[in-house]
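Residue-level structure breakdown
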Amino acid sequence: MSSKLSSLLVQDGVVSVKRMEEAFQRQVIFGGSLDTILLEMNVVDEGVLQRFLYASTGVPAADLTGVDYQRAQEQTKLFPQKLAEKYLIAPVDMSDGALRVLVTDPPDRSRLDELGFMLGATIIPFIVPEFRLYQALELVYGVKMPLRYAGLVKRLGDPPVPDETAGAGEAGEAVADAPTPVADDTPPDETVLDDPAP
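The residue numbers shown here count from 1 along each chain, following its written sequence. Two thresholds apply to this predicted model, a pLDDT of at least 70 for residue-level local features and 80 or more for giving and counting side-chain atom pairs, whereas whole-chain, interface and lining totals are computed over all residues. Here the side-chain values reflect all heavy atoms present in the structure, with hydrogen atoms and water set aside.

1. Side note on the nonpolar core
Among the buried residues, those of types Ala, Val, Leu, Ile, Met, Phe, Trp, Tyr and Cys that are joined through side-chain atoms within 4.5 Å form a nonpolar core. Under the scheme applied here, a residue whose accessible area is under 20% of the maximum for its type counts as buried, over 50% as exposed, and between as partly exposed, the area being computed with a 1.4 Å probe on protein chains only. Within the largest apolar cluster, 55 residues are counted, with the highest numbers of intra-cluster contacts made by Leu9, Leu38, Phe79, Ile89, Leu102 and Leu115. Counting from the N terminus, the helices are the DSSP runs of H or I reaching at least four residues and the strands are the DSSP runs of E reaching at least two. If you tally residues by element for this core, the top one is helix 8 (residues 130–141), at 7 residues. Ignoring anything within four residues of it in the chain, the contact list for Phe79 reads Ala84, Ile89, Pro91, Leu99, Leu115, Leu119 and Tyr141. A contact between two residues is defined here by any heavy atoms of the two lying within 4.5 Å.

2. Looking at the pairing of strand 2 (residues 98–103)
Among the 6 residues of strand 2, 6 are classified as buried, and the element is accordingly described as predominantly covered. Burial along strand 2 is two-sided: Ala98, Arg100 and Leu102 facing one way and Leu99, Val101 and Val103 facing the other are all buried. Where strand 2 lies against strand 3 (residues 122–127), 6 bridges are found, and the strand directions are parallel. The residue bridging Val103 from the neighbouring strand is Ile127, located in strand 3. In this scheme, strands are said to pair when DSSP sees at least two bridges between them.

3. Description of the environment of Arg26
Looking at the secondary structure, you find Arg26 in helix 2 (residues 17–30). Exposure remark for Arg26: the relative accessible area of 13% places this residue in the buried category. Sequence separation between Arg26 and Glu40 is 14 residues; the distance between their C-alpha atoms is 9.9 Å.

4. Things to note about the packing of helix 1 (residues 2–11) against helix 4 (residues 46–57)
Running from N to C, helix 1 and helix 4 point in directions that differ by 125 degrees, and their axes come no closer than 9 Å. With respect to helix 4, the axis of helix 1 lies oblique. Regarding helix 1 and helix 4, the two cross each other, and that crossing is right-handed. Contact with helix 1, carried on its side by Lys4, Leu5, Leu8 and Leu9, involves Leu49, Phe52, Leu53, Ala55 and Ser56 of helix 4 and no other residues of that element. Polar here means any residue outside two lists: the nonpolar Ala, Val, Leu, Ile, Met, Phe, Trp, Tyr, Cys and Pro, and the charged Asp, Glu, Lys and Arg; Gly therefore counts as polar. Considered class by class, the residues forming the contact of helix 1 with helix 4 number 7 nonpolar, 1 polar and 1 charged. To get an axis, a line is fitted to the C-alpha atoms, and for a helix only the part in contact is used. The angle between two axes follows their N-to-C directions and goes from 0 to 180 degrees. When an angle is under 35 degrees it counts as roughly parallel; over 145 it counts as roughly antiparallel; between 65 and 115 it counts as roughly perpendicular; any other value is oblique. Note: crossing handedness is left-handed where the near helix turns anticlockwise from the far helix by less than a right angle, and right-handed where it turns clockwise.

If you want it as C-alpha cells, here you go:
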C-alpha cells in the first residue's frame, strides 16, 4: 500500500516529493505505516488521507463517527481478541450476517472469506489509518495502544466523517471523484517518538 499511496499523494500534489522522501526515511527509523508517519509529520489531514487510503486500496473508508464501541464489545464472543490480533482487524458491527471490521492494509480477500467461513459470517472490511485501528482495539478489547498512536489520538481528536470520495457509505459504494489536494507547507512535527510501532 505504501507505494501506491505515496504515488497518489505526490501525483495529486498533496505531498511534495521531498516531504515523501522524508516520510520514508522516518518510516525506516521509527517503523509503522506510511499513513502514521504522514500524520505524525502534519503533512496531510486525516480526512484527506482517508480518501487516498480508499483510492490506493479500493477498500471503503470507515465512518467511525457512528461506531458504538460498547455494542462492538458484544462481538468479542464471535470475534475474540486472539483473532483480532492475528488478522490485525477490529470488529465494529455485526448485523444481517455480516461482520464489519476495520483494516489498515488492503485485506487478503481469500483470507477474510476463510475467516468468515469459520465464523459463519460475511466479513466486510473498511480501511482506517493505522492509529485508528489501534484505538478501536483498545476500545473494543481493552488492549492498551502504544504511546505513539495514543499521541495521534490525543492530537487529532475524534475521527472525521469521510466524504463520498472515500467510498464511505452503507454499501461502501465507490465514488471516483479525484481527491482535493491540500497545501504542503506545514512544518514537520518535531515530536520525538518514544515508542516505535510494534
